[in-house]
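The residues making up each chain are set out below.
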Amino acid sequence: MSTPVTTFVERASREVNTPKVRAVDAGARLLTAKRLKGVEEYPAMDSMRDRAREIRLHTVAHLDTYLEQFAEAVEAVGGKVFFARDADEANGYIRRVARDASAELIVKSKSMVTEEIGMNAALEADGVQIVETDLGEFIVQLANERPSHIVAPVMHKTRQDVGELFARELDVPYTEDPAELNKIARQYLRQRFLRADIGVSGANFGVASTGSICLVTNEGNGRLTTTAPRIHIAVMGMERLVPTPGDLGVMLEILARSAVGQRLTVYTNVVTGPRRPGDPDGPDEFHVIILDNGRSQVLGGSTSEILACIRCGACLNVCPVYREVSGHAYSDVYSGPMGAVLVPSLFNIEGNEQLPYASTLCGACVDVCPVRIEIPDLLLALRQRVVEDGDAFRWLGSAMSAYKVAATRPRAWRAALSSGALFGRAVRSGWVGRLPGPGGAWTDSRDLQMPAKEPFHDWWRRNRGS
Amino acid sequence: MDRDAFLAGVRTAVARNRVPNASAIDPGPLVPDLPPVDLVAMFSEILERVDGHVHTGDALQALDEVVALYGAGPFLSWDTDRLPVSGAVAHLEELGCGRAEAEVSNQPDARKAHQVGYGDVHIGLTGAEAGFAETGSIVLRSGLGRPRMASLVPLIHVALLPAALIFRSPMHWLAEPETDIASDSNVVYITGPSRTADIEQQLNLGVHGPKELHVILI
């Protein structure tokens, strides 16, 4: 995606303490509790996580080999493979398929990668109608918003919000009963599924040895999208492979447990090529788009470990920053700790300099990550990149720039404090009780210690130095 | 983009890749050695926990119960020779259910017109090739006489599963030498009825797939 026009701090400032964010916080806590329960009843969780990590890191380290194997396997079962360097190439391919099929209606199952490439806007420009079919994504699309969570897209909406939205956009009587709202969506979407020309899905995993893609959904929209339309197009980030069906099995052991505490998602759907001779139904065409869009840059860089991510959302749910600001404070569809690493890694760091700082580095994300990605390390690597680019602190504004100057020069710091030039009357007994400007939120809940009279490196040189 | 150019780019990146611990995969035991359990009891308990229903005993009688519960209506079905109970299709017809055509045309307009008719399908009757006790799941495979839609568009899905095909876990099934997830165009694990919790995390069943799942153990 393009460079965002607002910063994380600007967006976060609008979100903090709103009812919307309180709803997200409550939802994230509930998902965390569900995860914990799911993990506790599964004694093999830790060993499966170790195994899953090995599989993912191994795959990423041999991605060229596995991509080639995967592409050949897809073609061997009658599928078509397209390698897309970026969003434009991926969208261009989908547009060509749509044009060749004279497609008017596309149904889409929940897919972060098609959000990443802005597929809907690209296809709508050609006059093709795209309908999101995951209930949450459908609501987001009707409201013309973005998902606030990668697994639970409308965590920020109340039932009343959805009731009003359906009444307005679908011309149905207002109801706030989730069961009724569910029924309205089922009826509306069912007819679209059955007469859609193309179904577009993402891929939770691709299996290199068989050319299969695996899609998990609880609602069944993933199955309908890949069964009803005559053409199925799967868009897959190039890193999402596992070598074998057995490896897929390991991933499935941990994915749903980490995401929502389920033992398995309701529908674990493995698709291998188009409908075969004798099959009564299923798509006649099967296309897989393998998308780079910055991933090979990530692969060769200091944050390559993020390519092991399996998009379970567990790190969002436990993140104290995500829970205070919601997914909408982040600049892309990927939010929370994984988004704070992935977005500046995949796209420009410019415009996303603040994302690596959108973390307390508390490590809760590592504790829950099913593949044990060292997210704080990756955030620190990105912070280093920001500093090297000379962009550090620029965005912090004048007050924090003063902090930077003072903090890196102890004498100036003490002088500033005693004169009150930097912090006014905020100083009390060796602690700074209240920082001005953006630092204020930080000192609301903690005090900043006065710098030591003698910096550590001076003390070291005096006592131990050569 | 040209495939060779794309893969060459990935190869260059892989050469610079610094991911930790990228050694070959440890081929250690995938299937934990667990104390034996009553697989049927475990399967039933877990499936009911995820809002599915389990029937044991006479299969045709179980079909009577399902129709008594939800009424008769159009049904989509696997072919008789693909089901473990030969009289099941005929029995549903005797109960007043009309079997819908499951063969979808490969001509686009005819296909759509046919599928739009699936809006009325009330019951889906299928077999299953495996069950997983630990997760309460059943496994269905597409193919000749085995339409995918039968387990997908109806309000009520009835699956006939030989109890002898219940495995301890998905990993145990995958470890079987004859298991092949890619031998047909679609293999699906089904774990309870379709569900969503998207609105305020309130559980709702039957959002796109079946609202009810009945597994009849043979």
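Report on the accompanying structure. Note that the coordinates shown come from a computational prediction; the quantities given were computed from them, not determined experimentally.

1. Considering the packing of helix α16 (residues 336-346) of chain A against helix α18 (residues 375-388) of chain A
Residue and element names in this part refer to chain A.
- Packing of α16 against α18 brings their axes to within 10 Å, and their N-to-C directions diverge by 35°. As α16 runs across α18, the sense of the crossing is left-handed. When α16 is examined against α18, the residues Pro337, Met338, Ala340, Val341, Pro344 and Ser345 are found in contact with a partner set consisting of Ile375, Leu378, Leu379 and Leu382.
- Residues that form the contact of α16 with α18 fall into these classes: nine nonpolar, one polar and no charged.

2. Some words on the packing of aromatic side chains
- For the structure shown, the criterion picks out nine aromatic pairs over all chains.
- Measuring from centroid to centroid gives 5.8 Å for B:Phe132 and B:Trp173, while their planes differ by 50°, and the two rings are tilted. Taken together, the residues B:Phe132 in strand β4 (residues 130-132) and B:Trp173 in helix α6 (residues 170-175) connect sequence positions 41 residues apart.
- A relative accessible area of 2% means that B:Trp173 is categorised as buried.
- One aromatic cluster in this structure is built from A:Phe8, A:Tyr322 and A:Tyr330.
- A cation over a ring is seen here: A:Arg257 above A:Tyr42, with NZ or CZ 3.5 Å from the ring centre.

3. Examining the side chain of B:Ser44
All names here are of chain B.
- Structurally, the position occupied by Ser44 is in helix α2 (residues 39-49).
- Residue classification places Ser44 among the buried positions, given a relative accessible area of 14%.
- Dropping the residues within four chain positions of it, Ser44 is found in contact with Val54 and Leu217.

4. Some words on the pairing of strand β4 (residues 198-201) of chain A
Residue and element names in this part refer to chain A.
- Judged by which residues are buried, β4 turns out to be covered on both faces: Ile198 and Val200 on one side and Gly199 and Ser201 on the other are all buried.
- Pairing between strand β2 (residues 105-108) and β4: three bridges, direction parallel. Looking at the pairing, Ile106 lines up with Ile198 of β4.
- Examined bridge by bridge, β4 and strand β7 (residues 231-237) share four bridges and lie parallel to one another. From the neighbouring strand, Ile198 faces β7, where its bridge partner is Ile231.

5. As for the interface of chain B and chain A
- Between chain B and chain A, the residue contacts involve 86 residues of the former and 109 residues of the latter.
- In this assembly, chain B packs against chain A so that about 8000 Å² is buried in total across both faces, 55% of it on carbon and sulfur atoms.
- Looking at the side of chain B facing chain A, the largest losses of area belong to B:Met1, B:Ile199 and B:His208, adding up to 10% of the total buried there.
- Connecting chain B to chain A are eight salt bridges.

6. Comments concerning the sheet that holds strand β7 (residues 166-167) of chain B
- Across the sheet, eight strands lie side by side as β8(A)-β5(A)-β6(A)-β9(A)-β8(B)-β5(B)-β4(B)-β7(B); this open sheet has mixed pairing. Of all the strands in the sheet, just β8 (241-242) of chain A together with β7 of chain B have a single pairing partner and so form its edges.
- Inspection of the sheet shows β4(B) paired to β7(B) by two bridges, in the parallel sense. When the sheet's bridge partners are listed, B:Gly131 is paired in β7(B) with B:Ile166.
- Its contacts with the sheet place helix α12 (residues 245-260) of chain A against β5 (205-207), β6 (212-217), β8 and β9 (267-271) of chain A together with β8 (186-190) of chain B, and it is angled at close to 160° to β5(A).

7. Observations regarding the packing of helix α4 (residues 63-76) of chain A against helix α1 (residues 3-16) of chain B
- With their axes 8 Å apart at the nearest point, α4(A) and α1(B) run at an angle of 150° to one another. In this view, α4(A) runs roughly antiparallel relative to α1(B), as classed from their interaxial angle. On α1(B), the residues that touch A:Leu63, A:Asp64, A:Leu67, A:Glu68, A:Ala71 and A:Glu75 of α4(A) are B:Arg3, B:Phe6, B:Leu7, B:Val10, B:Arg11 and B:Val14.
- When its residues are assigned to classes, the contact of α4(A) with α1(B) shows seven nonpolar, no polar and five charged.

8. Describing the nonpolar core
- Ranked by internal contacts, the top residues of the largest apolar core, which has 136 residues, are A:Ile290 and B:Trp173.
- For this core, the element with the highest residue contribution is α12(A), accounting for eight residues.
- Inspection of this core shows a minimum of three residues originating in each of domain 1 (1-17 + 27-39 + 303-392) and domain 2 (42-293) of chain A.
- Sequence-distant contacts of B:Trp173, that is, excluding residues within four places in its chain, are made with B:Glu129, B:Ala130, B:Phe132, B:Val139, B:Arg141, B:Phe167, B:Thr179, B:Ile181, B:Val187 and B:Tyr189.
- In this structure, B:Phe43, B:Ala59, B:Met149 and B:Ala150 belong to the second largest nonpolar core, which totals 69 residues.

9. Here's the deal with the environment of A:Lys110
All names here are of chain A.
- Take Lys110: it is sitting in the loop between β2 and α6 (112-116).
- Sequence separation of Lys110 and Leu215 is 105 residues, and the distance between their C-alpha atoms is 9.7 Å.
- Dropping the residues within four chain positions of it, Lys110 is found in contact with Asp134, Glu137, Ile150, Val151, Pro153 and Asn221.
- Within polar-contact distance, the side chain of Lys110 engages the backbone oxygen of Ile150 at 2.5 Å.

Parameters at a glance
Residues numbered from 1 in each chain as written. Chains lettered and ligands numbered in written order. Predicted model: local features only at pLDDT ≥ 70, side-chain atom pairs only at ≥ 80, totals over all residues. Heavy atoms only, no water. Axes fitted to C-alpha atoms, helices over the stretch in contact; angles between N-to-C directions. Helix = DSSP H or I, 4+ residues; strand = E, 2+ residues; numbered from the N terminus. Left-handed = near helix turned anticlockwise from the far one by under 90°. Contact = heavy atoms within 4.5 Å. Nonpolar A, V, L, I, M, F, W, Y, C, P; charged D, E, K, R; others polar. Phe/Tyr/Trp six-rings, centres within 6.5 Å; stacked < 30°, edge-to-face > 60°. Buried < 20%, exposed > 50% of the residue type's maximum accessible area, 1.4 Å probe, protein only. Lys NZ or Arg CZ within 6 Å of the ring centre and 35° of its normal. Pairing = 2+ DSSP bridges. Buried area = accessible area lost by both parts, 1.4 Å probe. Salt bridge = Lys/Arg side-chain N within 4 Å of Asp/Glu carboxyl O. Parallel < 35°, antiparallel > 145°, perpendicular 65-115°, else oblique. Core = buried A, V, L, I, M, F, W, Y, C linked by side-chain atoms within 4.5 Å. Domains from an automatic or database assignment. Polar contact = N/O pair within 3.5 Å; in protein donor to acceptor, adjacent residues only side chain to side chain.

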